[in-house]
Amino acid sequence: MDSKTPSSLPSVDFIREIVTTDVQQGRNEGKVITRFPPEPNGYLHIGHAKAICIDFGIAAEFAGRCHLRMDDTNPEKEEMEYIKSIQDDIHWLGYDWGTHFYNASDYFEQLYEWAVALIKAGKAFVCDLTADQITQYRGTLTAPGKDSPFRNRSVQENLDLFDRMRKGEFPDGIRTLRAKIDMSLPNINMRDPVMYRIVHATHPHTGDKWCVYPTYDWAHGQSDWIEGITHSLCTLEFEIHRPLYDWYIDTLIAIGCRPAGISYRPRQNEFARLNLTYTLTSKRKLAQLVKEKHVNGWDDPRMSTLRAFRRRGYTPEAIRNFVKEVGVTKFESVIDFGRLENALREDLNKRAPRRMAVLRPIKVIIDNYPEGQTEELDAVNNPEDPSAGVRKVPFSRVLYIEQDDFMENPPPKYFRLSPGIEVRLRYAYFVKCASVDKDAAGKVVAVHCTYDPATRGGDAPDKRKVKATIHWVSAQHAHPAEVRLYDRLFNTSNPGDVPEGKTFLDNLNPKSLEVIPSAQLEPSLKAANADERFQFERLGYFVCDTVESTPGNPVFNRSVTLKDTWVKEQKKA
RNA sequence: UACCCCGUAGUGUAACGGUAGCACAAGAGAUUUUGGUUCUCUUUGUCCUGGUUCGAAUCCAGGCGGGGUAGCCA
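Residues numbered from 1 in each chain as written. Chains lettered and ligands numbered in written order. Predicted model: local features only at pLDDT ≥ 70, side-chain atom pairs only at ≥ 80, totals over all residues. Heavy atoms only, no water.

What to know about the packing of helix 4 (residues 108-120) against helix 6 (residues 155-167)
At step 1: The N-to-C vectors of helix 4 and helix 6 enclose an angle of 160°; their axes lie 9 Å apart at closest approach. Viewed along their axes, helix 4 and helix 6 adopt a mutual orientation that is roughly antiparallel. In the crossing of helix 4 with helix 6, the sense of the turn from one axis to the other is right-handed. Contact with helix 4, carried on its side by Glu109, Tyr112, Ala115, Val116, Ile119 and Lys120, involves Val155, Asn158, Leu159, Phe162, Asp163 and Arg166 of helix 6 and no other residues of that element. (Axes fitted to C-alpha atoms, helices over the stretch in contact; angles between N-to-C directions. Helix = DSSP H or I, 4+ residues; strand = E, 2+ residues; numbered from the N terminus. Parallel < 35°, antiparallel > 145°, perpendicular 65-115°, else oblique. Left-handed = near helix turned anticlockwise from the far one by under 90°. Contact = heavy atoms within 4.5 Å.)

Dropping the structure here:
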């Protein structure tokens with residue numbers, strides 16, 4: 001029936017395999033419902049993008065849905081500002097939760113009821129140990145813990161105490177509600193874990209209603225269950241929590257507790273988080289970079305936040321493709337940052353209109369071109385996309401070219417402009433360098449060329465070739481603009497890895513930002529709109545900055561350079 | 001030191017007991033009005049040792065290496 005060999009079948013990752021099997025076997029009523037559960041206490045970063053693509057992506061592939069749930073179990077840490085930014089970033093990435101936006105705090109009442117049921121079943125108890133004492137009793141990685149002296153309180157006393165905890169009769173930290181599991185289990189998470197702690201704080205959603213708040217382990221799995229989540233996908237560090245995730249659900253089922261209308265239960269599967277070279281994703285360190293002004297805010301294009309990648313000019317398509325390419329496994333890998341840059345280039349190569357811009361100008365004077373003359377030349381907008389059409393670019397006697405594109409004493413294999421050498425000015429003419437002007441210090445300040453009028457448009461009727469084509473901008477028509485050249489924020493591929501006595505800040509790349517106050521742009525760029533992306537020919541991809549551009553005065557951020565085999569060649573030499 | 005997870009070219013990732021493949025990187029060449037793009041070719045790999053099997057990257061045992069776990073954070 002099939003000519004397909006096993007190798008021609010599309011290979012899928014282990015999570016999609018699990019989901020496929022579940023659907024085929026009719027588990028969970030055949031549904032696929034996932035969830036993305038951020039804690040609303042920070043901005044999303046590139047690592048979250050992987051989780052988002054997996055959570056929302058798998059749901060979409062299986063015609064299911066993905067919920068967005070704020071994991072707001074800790075009242076002291078959440079802020080509304082983050083909720084908005086998280087939603088915004090997910091939408092930007094191209095995903096949507098529809099009407100399924102929830103908060104873990106939506107379930108506080110249900111969670112409380114179930115906690116009471118567990119107490120009644122003898123599966124939970126109020127513990128008067130202090131935090132330090134709990135740590136003591138917990139044992140260590142190698143030694144078993146021992147039972148809390150409060151473990152065998154009567155159900156009645158537990159119920160009474162838990163009720164009074166809720167009412168706020170006790171100060172913070174004085175008591176906890178704990179699950180009664182087994183203090184000798186090798187998995188420390190199972191040694192009578194805390195379910196509730198007393199916190200007298202105003203919660204952004206529930207206000208002052210609660211004086212006890214559920215811990216992550218107690219809230220998370222049950223929230224999944226209540227929402228009818230089928231596959232609870234998370235990163236590897238929660239793997240060791242899975243036995244507890246299952247214990248809560250199994251135990252609730254055993255004592256007859258179930259969320260209304262849900263016939264099945266969620267399963268947790270873990271995958272490796274995304275690690276990128278030269279990149280930090282620790283909330284704490286990112287915050288430090290902002291606070292100490294090593295960067296200009298959370299959306300500084302050098303940051304690893306999604307907002308920063310946006311401002312840097314990354315496209316959601318590039319990020320999604322990148323995530324798809326790196327795959328989903330349980331192996332803690334580190335992805336070369338170049339892979340992400342590559343995904344951007346691949347996307348923008350197809351879509352970004354080409355323009356000419358000179359970052360570090362040097363003047364070129366065409367000696368035999370009539371003074372005062374101007375002409376409009378046709379330039380192709382995107383050689384990869386004929387439908388992008390052509391535009392007019394003004395040409396005149398005095399031009400700017402890139403300083404890098406002229407050398408008075410060139411090394412071997414240098415194809416660009418140098419004395420006696422002919423090159424093509426893109427879409428314009430062949431020009432040959434005749435002489436140079438120097439200042440008192442001997443520095444070249446202008447290059448004199450002659451042009452061949454027969455080569456208008458860039459083709460020689462006699463079929464003679466040039467080895468280089470360089471970009472240019474007519475000096476009198478050029479629009480000066482600020483351009484920021486971004487490079488990686490850190491010098492070392494693993495910036496979090498620091499020797500004794502140093503911090504990750506010592507790994508900062510002092511050249512991660514170079515501001516060019518006055519690059520010379522071709523005139524059409526003056527009308528660029530915020531967030532509009534271009535390829536500046538031979539330089540890289542640039543985006544019109546969304547924050548600091550004003551109409552008629554665009555500011556550009558370099559998203560990524562073009563590949564450059566010439567710099568590679570130079571490094572070899 | 002206990003438990004859990006993970007080891008396939010430089011980096012990622014496939015192969016589900018039957019020819020170790022793909023992408024990126026690297027190198028060589030072709031094409032090119034971007035030293036871009038595109039195309040062709042090349043180099044490089046199953047952590048180790050045993051076992052099971054006609055046959056092992058895959059199953060088993062032991063070792064080695066990496067990561068995770070001792071918040072009333074998530």
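Considerations on the environment of aspartate 487
At step 1: For aspartate 487, the location among the structural elements is in the loop between strand 21 (479-486) and strand 22 (513-521).
At step 2: Accessibility expressed as a relative area gives 38% for aspartate 487, which makes it partly exposed.
At step 3: Taking the C-alpha atoms as reference points, aspartate 487 and serine 559, separated by 72 residues in sequence, lie 9.2 Å from one another.
At step 4: Every residue in contact with aspartate 487, bar those within four places of it in the chain, is listed here: Arg302, Arg312, Asn509, Lys511 and Ser512. (Buried < 20%, exposed > 50% of the residue type's maximum accessible area, 1.4 Å probe, protein only.)

Comments concerning the sheet that holds strand 5 (residues 176-179)
Pairing between sheet strands relies on hydrogen bonds along the backbone, with the strands arranged either parallel or antiparallel.
At step 1: Spatial ordering of the open sheet is given by 4-5-6-7, a layout of four strands whose pairing is antiparallel. For this open sheet the edge positions go to strand 4 (124-127) and strand 7 (212-214), each flanked by a neighbour on one side alone. Strand-to-strand twist across the sheet, computed as the mean angle between neighbouring axes with direction ignored, equals 20°.
At step 2: Here helix 4 sits on the sheet in contact with strand 4, strand 5, strand 6 (194-198) and strand 7, set at roughly 115° to strand 6. (Pairing = 2+ DSSP bridges.)

Comments concerning the domain arrangement of chain A
At step 1: Taken domain by domain, chain A comprises domain 1 (14-271), domain 2 (283-351 + 481-572) and domain 3 (354-477).
At step 2: Here the C-alpha centre of domain 3 lies 64 Å away from the C-alpha centre of domain 1. (Domains from an automatic or database assignment.)

Side note on the nonpolar core
At step 1: The biggest cluster of nonpolar side chains holds 46 residues, and the ones touching the most others in it are Phe36, Ile46, Ile90, Ile319 and Leu340.
At step 2: Elements with a minimum of two residues in this core: helix 1 (14-24), helix 2 (46-61), strand 2 (65-70), helix 3 (80-93), helix 10 (306-312), helix 11 (316-326) and helix 12 (337-351).
At step 3: Considering each element in turn, this core owes the most residues, nine residues, to helix 2.
At step 4: The residues that make up this core include at least three from each of domain 1 (14-271) and domain 2 (283-351 + 481-572).
At step 5: In this view, isoleucine 46 contacts Leu274, Leu276, Thr279, Thr281, Ser304, Leu306, Phe309, Ile319 and Leu340; residues no more than four positions away in its chain are not counted. (Core = buried A, V, L, I, M, F, W, Y, C linked by side-chain atoms within 4.5 Å.)

Thoughts on the side chain of aspartate 22
At step 1: Counting through the fold element by element, aspartate 22 comes out in helix 1.
At step 2: Once residues lying within four places of it in the same chain are set aside, the contact partners of aspartate 22 are Arg27 and His231.

Section: the sheet that holds strand 2
At step 1: Ordered in space as 1-2-3, the three strands form an open sheet in which the pairing is parallel. Of all the strands in the sheet, just strand 1 (33-36) and strand 3 (101-103) have a single pairing partner and so form its edges. Put simply, the sheet's adjacent strands are angled 35° from each other on average, direction ignored.
At step 2: Packed onto the sheet, helix 3 meets strand 1, strand 2 and strand 3 and runs at close to 160° relative to strand 2.
At step 3: Where helix 7 (residues 216-227) meets the sheet, it contacts strand 1, strand 2 and strand 3, and its direction lies at approximately 140° from that of strand 2.

Side note on the packing of helix 2 against helix 11
In a packed pair of helices, the relevant descriptors are the angle between the two axes and the axis-to-axis distance.
At step 1: At their nearest, the axes of helix 2 and helix 11 sit 10 Å apart, and the two run at 75° to each other. Taken together, the axes of helix 2 and helix 11 are roughly perpendicular relative to one another. Contact with helix 2, carried on its side by Ile46, Ala49, Lys50 and Cys53, involves Ile319, Arg320 and Val323 of helix 11 and no other residues of that element.
At step 2: The residue makeup of the contact of helix 2 with helix 11, split by class, is five nonpolar, no polar and two charged. (Nonpolar A, V, L, I, M, F, W, Y, C, P; charged D, E, K, R; others polar.)

Details of the packing of aromatic side chains
Geometrically, a pair of aromatic rings is defined through the distance of the ring centres and the angle of the planes.
At step 1: By the definition in use, this model includes 23 aromatic pairs.
At step 2: The interplanar angle of 35° and the centroid separation of 5.6 Å between the aromatic rings of tryptophan 114 and tryptophan 225 together place this pair among those described as tilted. A residue pair is termed long-range when its members are at least 10 positions apart, and tryptophan 114 in helix 4 and tryptophan 225 in helix 7 qualify at 111 residues. The same class applies to tryptophan 114 and to tryptophan 225, which are both buried.
At step 3: Taking 5.2 Å as the distance between ring centres and 75° as the angle between the ring planes, the aromatic pair formed by tyrosine 369 and phenylalanine 395 counts as edge-to-face. With tyrosine 369 in the loop between strand 12 (361-366) and strand 13 (374-380) and phenylalanine 395 in strand 14 (residues 390-396), this residue pair connects regions lying 26 residues apart in the sequence.
At step 4: Each member of the aromatic cluster is reached from another via a ring pair, and the members are Phe108, Tyr112, Phe162, Tyr196, Trp210 and Tyr213.
At step 5: Over the face of the ring belonging to tyrosine 112 we find arginine 166, whose NZ or CZ atom lies 4.4 Å from the ring centre. (Phe/Tyr/Trp six-rings, centres within 6.5 Å; stacked < 30°, edge-to-face > 60°. Lys NZ or Arg CZ within 6 Å of the ring centre and 35° of its normal.)

Points about the protein's contact with RNA strand B
At step 1: Residues in contact with RNA strand B amount to 62 residues; listed here are only the nearest, Glu17, Thr73, Arg354, Arg416 and Gly457.
At step 2: Restricting attention to atoms of RNA strand B within 4 Å of the protein, one finds that 60% of them are sugar or phosphate atoms.
At step 3: Asparagine 349 places a side-chain nitrogen or oxygen 3.4 Å from a sugar or linking oxygen of RNA strand B.
At step 4: The side chain of lysine 568 places a nitrogen or oxygen atom 3.0 Å from a phosphate oxygen of RNA strand B.
At step 5: Elements represented by at least two residues in the surface near RNA strand B include exactly helix 5 (131-138), strand 6, helix 12 and helix 13 (565-572).
At step 6: When the residues that make up the surface near RNA strand B are grouped by side-chain class, the tally is 20 nonpolar, 20 polar and 22 charged. (Near = heavy atom within 4 Å. Polar contact = N/O pair within 3.5 Å; in protein donor to acceptor, adjacent residues only side chain to side chain.)

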